[in-house]
Every structure is written in structure tokens, then in C-alpha cells.
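Each chain is listed here by its residues.
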Amino acid sequence: MNDMRLTERKVDAKDMKIQARKVQVYYGDTHAIKDVDVDILDKTVTAFIGPSGCGKSTFLRTLNRMNDTIDICKVKGEILLDGEDIYDKRVDPVQLRAKVGMVFQKPNPFPKSIYDNVAYGPRIHGLAKNKADLDEIVERALRGAAIWNEVKDRLQAPGTGLSGGQQQRLCIARAVATSPEVLLMDEPCSALDPIATGQVEELIDELRTQFSVVIVTHSMQQAARVSQRTAFFHLGNLVEYGETGDIFTNPKDPRTEAYITGRIG
Ligand SMILES: Nc1ncnc2c1ncn2[C@@H]1O[C@H](COP(=O)(O)OP(=O)(O)OP(=O)(O)O)[C@@H](O)[C@H]1O
């Protein structure tokens, strides 16, 4: 399983894409994620909500082994992507992150041209046969991230020269360019104004027709607008997980109810 891209892709809607079992995360002595089990569906937007410090970002980062980059962080339990354990020693984290892409809170384009920002992943993963092929991948990714029309005449201009909302869509294009199967988004709109936020939210809805999207958000309105499934975390525990409509209108756990009604958090 060295090259995870060789794995046949499953695309049936409502397929289980990621299964997490008894996941624990520690930062030194801090037990940040406690025994979390969750099934993430394909072609679905799943929102992680909960008060600050409850472990949303930590758990999100376990899904593409981004926590590997933090020395004191230890992950236990099992996370299966299409049934394969992503923490298996034979899995190459770089290949994994092409399959399970990530977009961060603050847009972080590379100090390169718009074109090179998007071409970077396909180049390092050898996804293009030649220049024409790479041009096509770049265009498709920029179109997929709903930013092509704004940048098509200045592909060689620096990505850092775009507006915040454009930079975030460029970062989404960069993630989409390697044809991910899951896209992780850690508060992707928190640095954006309401118009740019609306554009990214619309985009999320389009992206889920192709793959699974998992989004951490502080905004319950955003979770309600963009997601079909919601997971509520509290003090490192996954308290409640289900259809977004049910979580917001008929929460079963008093902690979920307290959070959504603004009494905690
Ligand atoms: N790199 C780190 N080193 C040590 N402890 C960390 C690290 N990152 C997170 N933590 C701790 O892990 C716990 C969960 O943090 P995390 O950032 O995952 O929560 P969160 O729900 O995403 O919070 P927020 O909504 O404020 O971003 C917190 O107690 C936090 O202090």
C-alpha cells in the first residue's frame, strides 16, 4: 500500500469514506481526543462544531496525518480510508495528503505564480504527462475552485497578490489539483469577508458532488448552511453526530443543546 493512489476509487454516494475507531490524541500529557468513533460519508459535507479547545482541529488533522508534523503529538486507534489504515507504516503521508487534501484557516498561497501554486502538487506527484496536460489540470482545478475567470489572464502573477477570498479559492484549487477524495477545511472562511465567505460556501456545495468535505467551523449558521452531517465535540469527546438538521433542531445530548442555544462555548 505504498502508493495509495493505486487503490481503486469508490464513488457511490453515501459510501463510507473514512471510519475512525477509538481514536485518542495526546499532546504530551494532554489528552486532546478521547475515544472518538466516527464514520465520514462520501460526497457529503460533514461539519465539526464545538467550543474552543474541544479538539475539532486536532481530530481533523488526524484524518490526513497532519499531526505527524507535531513532535509531542501521539495518535492511537484506527483511521480507515476506504478500509485501509492510514497510520500503517507503509503509507506515505505525502501520498496520503494528495488524497486527503487540506485547506487552512488563513489562506497560505506559496510565494509563486498563480499557475505554479496549482501546478505544484500535480508536478510532485507526476500527474501530468506533458506541459499541455499540466495546463489542463491547472485550468480544471481553477475552474473547480470557481476562480478561473478572475485569474485566467494573469496566471503568471504572484498568488500572494490576490484578495483574501481569491487566495483562499486558489488554495482550494491547489488542493483540488491532485484529485483528492476527501477535502479537510479548517475554518476556511474565518479570515474572509461575508461576500468571499458566500463564494467559498457555494463552492463547498459544488465540491461535495465530487468528494467528501470535512469542515471545522465556529459558525453554527455556516454548519447549518453547508453541511449534511454534523459532529459536536466537547472537551475532546465526540458528544453527538448525525444529520445536521437533527443536531440543530432536535439534539439528544444536553451538552449539544447547551452549545447550540449559546449556553456553552
Ligand atoms: N500543538 C499543540 N501542542 C499542545 N497542545 C495542543 C496543540 N494543539 C492543540 N493543543 C491542545 O489540544 C486541545 C484541542 O485543541 P484544538 O486546537 O484541536 O481545539 P479546537 O476545538 O480546534 O479549538 P479552536 O476552536 O479554538 O480552534 C486544546 O487543549 C489545545 O490546547
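The protein chain appears in an unreviewed UniProt entry as Phosphate ABC transporter ATP-binding protein PstB from Thioclava litoralis.

Trainee: Please provide a residue-by-residue account of the UniProt feature "domain: ABC transporter" (unreviewed entry) in the protein chain, values included.
Mentor: On the UniProt side, "domain: ABC transporter" (unreviewed entry) is annotated at positions that read residues 18–260 here. With 37% helix and 27% strand, residues 18–260 has end C-alpha atoms that lie 26 Å from one another.

Trainee: An account of unusual backbone geometry is requested, with residue identities and associated values reported.
Mentor: At lysine 22, a residue that is not glycine, the phi angle is positive and equals roughly 50 degrees. Positionally, lysine 22 belongs in strand E1 (residues 16–27). Of the residues examined, lysine 22 has 11 C-beta atoms within 10 Å and is grouped as exposed. Positive phi, close to 50 degrees, is recorded for serine 179, a residue that is not glycine. Following the sequence through the fold, serine 179 ends up in the loop between helix H6 (164–176) and strand E7 (182–186). Classification of serine 179 by C-beta neighbours within 10 Å gives buried; the count is 20.

Trainee: Could you give an account of the site of the ligand, with specific residues and numbers?
Mentor: Taken together, Tyr27, Thr30, Ala32, Gly50, Ser52, Gly53, Cys54, Gly55, Lys56, Ser57, Thr58 and Ile70 make up all the residues around the ligand. Among the elements of the structure, strand E2 (30–41) and helix H1 (56–62) are those that each provide at least two residues to the shell around the ligand. The greatest single-element share of the shell around the ligand, amounting to three residues, is contributed by H1. Class assignment for the residues of the shell around the ligand results in four nonpolar, seven polar and one charged.

Trainee: An account of the sheet that holds E2 is requested, with residue identities and associated values reported.
Mentor: Strand order across the open sheet formed by four strands is E2-E1-E4-E5, with antiparallel pairing between neighbours. Of all the strands in the sheet, just E2 and strand E5 (84–85) have a single pairing partner and so form its edges. In this sheet, E5 lies alongside strand E4 (residues 73–81) in antiparallel orientation, the contact comprising two bridges. Paired with leucine 81 across the strands is glutamate 84, a residue of E5.

Trainee: Explain the confidence of the model for the protein chain to me, using residue names and the numbers behind them.
Mentor: On average, residues of the protein chain carry a pLDDT of 92, and 94% of them reach 70 or more. Scored below 50 in pLDDT, residues 1–13 shows 20 contacts in the model against residues more than four places distant or in partner chains.

Trainee: Quick one: what's the story with the pairing of E4, residue by residue and with numbers?
Mentor: As judged from the eight bridges shared by E1 and E4, these two strands associate in the antiparallel manner. Paired with arginine 21 across the two strands is glutamate 78, which belongs to E4. Two successive antiparallel strands, E4 and E5, enclose a turn made up of two residues, where aspartate 82 displays a positive phi of approximately 50 degrees.

What counts as what
- Residues numbered from 1 in each chain as written.
- Predicted model: local features only at pLDDT ≥ 70, side-chain atom pairs only at ≥ 80, totals over all residues.
- UniProt positions renumbered as here; feature names shortened; annotations may be inferred.
- Helix = DSSP H or I, 4+ residues; strand = E, 2+ residues; numbered from the N terminus.
- Buried ≥ 20, exposed ≤ 12 C-beta atoms within 10 Å, placed from the backbone.
- Near = placed C-beta within 6 Å.
- Nonpolar A, V, L, I, M, F, W, Y, C, P; charged D, E, K, R; others polar.
- Pairing = 2+ DSSP bridges.
- pLDDT = per-residue confidence, 0-100.
- Contact = placed C-beta atoms within 7 Å.

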